[in-house]
Amino acid sequence: MSANSPAAVVVLAAGGGTRMKSNRLPKVLHEVCGRSLVGHAVAAAEELTPGQLVVVIGHMREKVAEHLAAHHPGARAVVQAEQNGTGHAVRTALEALAADGIELDGTVIVTTGDAPLLTGGTLRALAGAHAEQGNGVTVLTAVVPEPFGYGRILRDEADGAVAAIVEEKDASDAQRAIDEINSGVFAFDAKLLVGALAEVTTDNAQGEEYLTDTLEILRRAGHRVGAVVAADYRDILGINDRVQLAHARRLLNDRLLERAMRAGVTVVDPATTWFDVQVSYEPDAVVLPNTQLQGATHLGEGCEVGPNSTLKDTRIGAGARVSNTTADSAEVGELATAGPYAYLRPGARLARKAKVGTYVEVKNSELGEGAKVPHLSYIGDATIGEGTNVGAASVTVNYDGVNKHRTVIGAHCRTGSDNMFIAPVTIGDGAYTAAGSVITNDVPAGALGVSRAQQRNIAGWVERKRPGTTSAQAAAAAAGTGAEAPAEA
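Residues numbered from 1 in each chain as written. Predicted model: local features only at pLDDT ≥ 70, side-chain atom pairs only at ≥ 80, totals over all residues. Heavy atoms only, no water.

Asker: Which residues make up the pairing of strand β9 (residues 162-166), and what values do they have?
Answerer: Most of β9 is tucked away: 4 of the 5 residues are buried. Here 4 bridges tie strand β8 (residues 152-155) to β9, and the two strands are oriented antiparallel to one another. From the neighbouring strand, Arg155 faces β9, where its bridge partner is Val162. (Buried < 20%, exposed > 50% of the residue type's maximum accessible area, 1.4 Å probe, protein only. Helix = DSSP H or I, 4+ residues; strand = E, 2+ residues; numbered from the N terminus. Pairing = 2+ DSSP bridges.)

Asker: Give a description of the side chain of Asn398 that names residues and reports values.
Answerer: Checked against the element boundaries, Asn398 lands in the loop between β32 (395-397) and β33 (407-409). Residues within four places of Asn398 in sequence aside, it is in contact with Lys363, Tyr378, Gly380, Asp381, Asn403, Lys404, His405 and Ala423. (Contact = heavy atoms within 4.5 Å.)

Asker: Mind laying out the packing of aromatic side chains, listing which residues take part and the relevant values?
Answerer: Enumeration over the complete set of coordinates arrives at 3 aromatic pairs. Plain terms: the ring middles of Phe275 and Tyr281 are 6.3 Å apart, the flat faces sit at 40° to each other, and that makes the pair tilted. Among the residues examined, Phe275 registers a relative accessible area of 2% and is labelled buried. Relative to Tyr359, the ring of Tyr341 has its centre 5.4 Å away and its plane inclined at 15°; by these criteria the two rings are stacked. Taken as a pair, Tyr341 in the loop between β24 (337-338) and β25 (342-344) and Tyr359 in strand β27 (residues 355-363) lie far apart in primary sequence, 18 residues in all. Sitting over the ring of Trp274, Arg250 keeps its end group 4.3 Å from the ring centre. Against the face of Tyr399 rests Lys404, its NZ or CZ located 5.5 Å from the ring centre. (Phe/Tyr/Trp six-rings, centres within 6.5 Å; stacked < 30°, edge-to-face > 60°. Lys NZ or Arg CZ within 6 Å of the ring centre and 35° of its normal.)

Asker: Pulling in residues and values, what's your account of unusual backbone geometry?
Answerer: Here the amide bond leading from Gly306 into Pro307 is cis, since omega sits at 0°, within 30 degrees of zero. By the element assignment, Pro307 lies in the loop between β18 (304-305) and β19 (309-312). The linkage connecting Gly339 with the following residue, Pro340, adopts the cis geometry, with an omega of 5°. Within the secondary structure, Pro340 sits in the loop between β24 and β25. Residue Cys33 is not a glycine yet carries a positive backbone phi of 55°. Positive phi, close to 50°, is recorded for Asn364, a residue that is not glycine. Mapped onto the elements, Asn364 comes out in the loop between β27 and β28 (366-367). Owing to a relative accessible area of 30%, Asn364 belongs among the partly exposed residues under this scheme.

Asker: Kindly report on the side chain of Ser5, identifying the contributing residues and their values.
Answerer: Considering the arrangement of structural elements, one finds Ser5 in the segment before β1 (8-13). A distance of 3.0 Å separates the side chain of Ser5 from the backbone oxygen of Leu48, its partner in a polar contact. A distance of 2.8 Å separates polar atoms of two side chains, one belonging to Ser5 and the other to Thr49. (Polar contact = N/O pair within 3.5 Å; in protein donor to acceptor, adjacent residues only side chain to side chain.)

Asker: Any details on the nonpolar core? Residues and values, ideally.
Answerer: Val38, Val55, Ile316 and Leu344 are the most contacted members of the largest nonpolar core, which has 90 residues in total. At 7 residues, the largest contribution of residues to this core is made by helix α8 (residues 242-262). Once residues lying within four places of it in the same chain are set aside, the contact partners of Val55 are Val11, Ala13, Val38, Val42, Leu68, Ala75, Arg76, Ala77 and Val78. Among the nonpolar cores identified, the runner-up in size contains 34 residues, and Val10, Ala14, Val54 and Val56 belong to it. (Core = buried A, V, L, I, M, F, W, Y, C linked by side-chain atoms within 4.5 Å.)

Asker: So what's going on with the environment of Ser329? Which residues, and what values?
Answerer: Its location among the elements puts Ser329 in the loop between β22 (325-328) and β23 (331-332). Given the relative accessible area of 34%, Ser329 is considered partly exposed. Through-space distance from the C-alpha of Ser329 to that of Gly428 is 29 Å; in sequence the pair is 99 residues apart. In this structure Ser329 touches Lys312, Asp313, Thr314, Arg345, Pro346, Gly347 and Ala348, once residues within four positions along its chain are discounted.

Asker: Account for the sheet that holds β23, with residues named and values stated.
Answerer: Here we have 9 strands laid out as an open sheet, ordered β14-β17-β20-β23-β26-β28-β30-β33-β36, and parallel in their pairing. A strand with exactly one partner marks an edge of an open sheet, and here the two such strands are β14 (280-281) and β36 (425-427). Relative to strand β26 (residues 349-350), β23 runs parallel, the two sharing 2 bridges. Note that in β26 the partner of Val332 across the bridge is Leu350.

Asker: Outline the pattern of salt bridges, supporting the account with residue identities and numerical values.
Answerer: All told, the structure shown has 21 salt bridges when counted by the stated rule. For Glu209, the salt bridge is made with Arg91, and the minimal N-O distance between the two is 2.8 Å. With Glu209 in the loop between α6 (190-197) and α7 (213-220) and Arg91 in helix α3 (residues 86-99), this residue pair connects regions lying 118 residues apart in the sequence. The exposure class assigned to Glu209 is buried, which follows from its relative accessible area of 12%. In this structure, the salt-bridge partner of Asp173 is Arg176, at a minimum N-O distance of 3.3 Å. Of this pair, Asp173 and Arg176 both sit in helix α5 (residues 173-176), 3 residues apart, which is roughly one turn of the helix. Salt bridges sharing partners connect three or more residues here, namely Arg152, Glu168, Asp173 and Arg176. (Salt bridge = Lys/Arg side-chain N within 4 Å of Asp/Glu carboxyl O.)

Asker: If you had to explain helix α2 (residues 61-71) to someone new, which residues and values would you point to?
Answerer: Within the sequence span of α2, burial applies to Val64, His67 and Leu68. All buried residues of α2 lie within an arc of 95° about the axis, which places them on one face of the element. Turned more than 90 degrees away from the buried face of α2, the exposed residues are Glu62, Glu66, Ala69 and Ala70. At its buried positions, α2 is contacted by β3 (35-36), α1 (37-46), β4 (52-57) and β5 (76-79). (Arc of directions from axis to C-beta.)

Written out as structure tokens, the structure is:
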């Protein structure tokens with residue numbers, strides 16, 4: 001916590017979110033660009049390095065608490081057992097801190113858990129204006145094209161100060177015409193906030209304790225009520241249903257893509273390209289259409305990804321090429337290639353200049369420098385040495401029904417097409433295996449492994465066993481026995 005950091009940030013995330021129409025997930029755990037709604041709120045708050053970071057939870061509290069513990073362990077979850085309004089939620093948070101002997105002195109920021117576009121920079125501007133102006137409370141507002149559903153800002157006609165906030169259901173027709181709205185985000189003097197919350201009543205249409213009532217209470221007590229208008233009204237957009245969720249995802253994705261392009265990444269078609277917030281990149285990376293980059297995916301300098309690729313938690317090395325590929329927790333090394341139509345599963349690691357080609361699946365396996373698996377193969381639980389070429393239609397048979405076993409193919413090997421490697425098995429450096437072989441035993445370095453039956457041809461079988469067929473007619477014609485060849489279809 002720095003000298004300019006707030007004493008606390010309280011994130012309100014207890015609501016039921018009934019308009020999301022979900023029986024499985026609370027509203028604040030729905031995701032936008034790889035992070036939950038409440039995760040976005042917490043991440044923005046963390047940028048301020050507050051003394052205390054409290055998230056008030058209620059609906060499906062166990063799931064929300066578990067999520068916070070896993071992804072944001074620095075945030076403290078406080079339960080609002082009954083959702084009796086925003087004022088009650090903040091009072092619950094402050095009482096929980098006080099019960100632990102934590103008395104706040106300084107600025108308290110109150111924000112919401114369903115506004116994923118709100119940034120740490122906007123919160124920092126709010127906190128700065130609050131301190132500079134010496135306000136008792138400062139509200140973050142926005143001028144919006146469609147204010148329906150939001151609390152309206154009522155200003156004093158004489159000096160333009162904030163007089164009150166009126167909720168949609170309590171507003172008159174004239175007040176509903178106001179287009180400056182409350183974002184639900186505030187900066188308070190901590191001591192004044194505690195006193196004002198004690199005076200909040202439930203005398204309103206909802207019968208709840210409104211946090212917004214504290215503005216009028218503080219104003220009557222002679223304290224200044226300030227406002228900071230968000231530079232971009234979209235920063236404060238809240239999520240109430242899945243239509244708004246999709247809209248926020250599009251807006252945030254546009255921001256992420258713009259940031260990447262200004263950092264030197266070429267995004268050929270932003271309309272069909274999606275980034276998560278954790279994605280990182282280096283200059284001159286190229287992203288082709290219909291590509292999704294999820295989780296902590298990283299693009300190395302000058303790499304090319306896409307088209308039609310989905311990469312999650314995957315690192316792409318400098319100069320690598322990945323086309324029509326799905327990858328999860330994989331690594332594609334410098335100048336390596338994957339695809340088209342490759343599947344890189346967790347633990348797949350391609351070293352420099354390695355190649356995984358068309359219809360190849362790789363799982364928990366390492367390909368050494370320059371190693372190639374070009375066609376139609378499954379490589380699971382394997383180590384493949386540098387310079388080795390694995391023939392088409394090869395499979396490392398790694399599972400015996402109970403345990404997984406490992407295949408090791410050494411450096412500069414040449415394995416034949418249609419090989420089955422029955423793990424555990426080791427192919428020595430420089431060894432070959434013959435096409436069509438089932439390799440059950442180790443092959444020494446420099447040896448040729450062959451495991452297939454002697455071919456036997458049974459003459460005349462088709463004419464005897466399949467008489468009258470087009471195959472039999474073709475065979476007879478080829479043998480010169482006088483039967484006519486089958487007509488073309």
